[in-house]
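# Coordinates in review
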Amino acid sequence: MTRVLVTNDDGIDSPGLHALAVVLRAHGMEVTIAAPVTQSSGSSASIMAENAEGQIRVERRTLEGLEGVPAFAVHGGPGLIALIAARGAFGDPTDVVASGINHGANVGRAILHSGTVGAALTGGLNGARGLAISLDVGLAPKTFRWEEAAEAAAELVPALLRHPRGTVINVNVPNTAESRGMVEADLAPFGIVQTTLTQQDEHHVRLAVEDLPREPVRGSDAALLADGWITVTGLDPVSHVPLGIVAEVGAG
């Protein structure tokens, strides 16, 4: 039986997390839930945690509709959760770290900042396969297609398992009753939102999030998602890039 750790960055009470866990279990997977006790969006792969004397606080939970599924609220972010899960904090390490379903799309190179993606990448770095999944709800959603997104994740898990440990994919699902299908996509140069500085004084700054005014790059994950496709992007958790920079320094 495939063992899956379900986590997220929206917190353990998120409906997206619950929907993902319910559907993966219905597909015959052995699910363990460990998620932040509070909202941790934008935490990337941070391993910072609220702790006392080096101890990370973990609370056992029982989630409605998921009775019998081990569930833990962690006073730390999703990257940390994926890391300590790989060390046996919630039982034997799992085959897959499934992170989501995120409230909002994670597309483009801005996924660097996503706690949803950070957990999947950390899982991949520590011997599991990682799957980050997000629902493109926009800024003012009236409905949430959590179940459709969860079913897309469940459909992808068997294919993901045919790839070696360390494989990580980022998945985005349109918030519609039906999609146009699945497609592999490159990362857009940017995300679909940008942050702007709206206040600055001697002691404070304030950021706001707003839609990007530009059209997404044709064929990118952002463009294909906007066109109604479920996008799947393979991610390389960490790699080095040969630059020859030392030789340049020596050449003066």
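That block above? That's the structure.
In this report, we go over the structure that sits alongside the text. No experiment lies behind these values; they were computed from the predicted model shown. (Residues numbered from 1 in each chain as written. Predicted model: local features only at pLDDT ≥ 70, side-chain atom pairs only at ≥ 80, totals over all residues. Heavy atoms only, no water.)

## Digging into the overall build of the protein chain
Across its full length, the protein chain holds six helices and 13 strands. Residues counted as buried form 46% of the 252 residues belonging to the protein chain. Nonlocal contacts in the protein chain, meaning residues at least 24 apart in sequence, comprise 77% of its contacts between residues at least 6 apart. For the protein chain, the accessible surface area stands at approximately 13,200 Å², while carbon and sulfur atoms represent 53% of it. (Helix = DSSP H or I, 4+ residues; strand = E, 2+ residues; numbered from the N terminus. Buried < 20%, exposed > 50% of the residue type's maximum accessible area, 1.4 Å probe, protein only. Contact = heavy atoms within 4.5 Å. Areas by Shrake-Rupley, 256 points an atom, 1.4 Å probe, with all protein chains shown as cover.)

## As for a nonpolar patch on the surface
Among the surface-exposed residues, Val241, Leu243, Ile245, Val246 and Val249 lie close enough to one another that they form a single nonpolar patch of about 550 Å² accessible area. According to the relative accessible area criterion, Val241 is exposed, its value standing at 59%. (Patch = residues over 30% accessible without salt bridge, like charges linked within 9 Å, V, L, I, M, F, W, Y side chains within 5 Å. Salt bridge = Lys/Arg side-chain N within 4 Å of Asp/Glu carboxyl O.)

## A short note on the sheet that holds strand β1 (residues 3-7)
The strand order β5-β6-β2-β1-β7-β8-β9-β13-β10 describes an open sheet built from nine strands, whose pairing is mixed. Strands with a single pairing partner mark the edges of an open sheet, and in this sheet they are β5 (58-61) and β10 (182-184). Averaged over all neighbouring strand pairs, the angle between strand axes comes to 25°, with direction disregarded. When β10 meets strand β13 (residues 230-235), the two strands line up parallel, connected through three bridges. What sits directly across from Met182, in β13, is Ile230. Each of β1, β2 (30-36), β7 (96-103) and β8 (129-136) touches helix α1 (residues 15-26); the most contacted strand, β7, lies at about 140° to it. Its contacts with the sheet place helix α4 (residues 146-161) against β7, β8, β9 (168-174), β10 and β13, and it is angled at close to 155° to β8. (Pairing = 2+ DSSP bridges. Axes fitted to C-alpha atoms, helices over the stretch in contact; angles between N-to-C directions.)

## Brief notes about the pattern of salt bridges
A full pass over the atoms with the stated rule returns seven salt bridges. Residue Glu59 is joined to Arg61 by a salt bridge in which the shortest nitrogen-to-oxygen separation is 3.4 Å. Note on Arg61: relative accessible area 25%, which makes it partly exposed. Across the pair Arg165 and Asp95 runs a salt bridge, and its minimum N-O distance is 3.1 Å. Highlighted residues: Arg165 in the loop between α4 and β9 and Asp95 in the loop between α2 (78-86) and β7, separated in sequence by 70 residues. Ionic contacts of the salt-bridge type, sharing partners, join the residues Asp13, Arg57, Glu59 and Arg61 into one network.

## Let's talk about the packing of aromatic side chains
Overall, the coordinates contain two aromatic pairs when judged by the stated rule. Ring geometry for Phe72 and Phe90: centres 5.0 Å apart, planes at 40°, overall tilted. Of this pair, Phe72 sits in strand β6 (residues 71-74) while Phe90 sits in the loop between α2 and β7, and the two are 18 residues apart along the sequence. The class for Phe72 is buried, based on a relative accessible area of 12%. Taking relative accessible area as the criterion, Phe90 reaches 11% and is therefore assigned buried. (Phe/Tyr/Trp six-rings, centres within 6.5 Å; stacked < 30°, edge-to-face > 60°.)

## Some words on the packing of α2 against helix α3 (residues 115-125)
Where α2 meets α3, the axes come as close as 7 Å, and the angle between the chain directions of the two elements is 20°. Classed by the angle they form, the pair α2 and α3 counts as roughly parallel. As for the relative orientation of α2 and α3, their crossing is right-handed in sense. Contact residues: Pro78, Gly79, Ala82 and Leu83 in α2; Gly115, Gly118, Ala119, Thr122 and Gly123 in α3. (Parallel < 35°, antiparallel > 145°, perpendicular 65-115°, else oblique. Left-handed = near helix turned anticlockwise from the far one by under 90°.)

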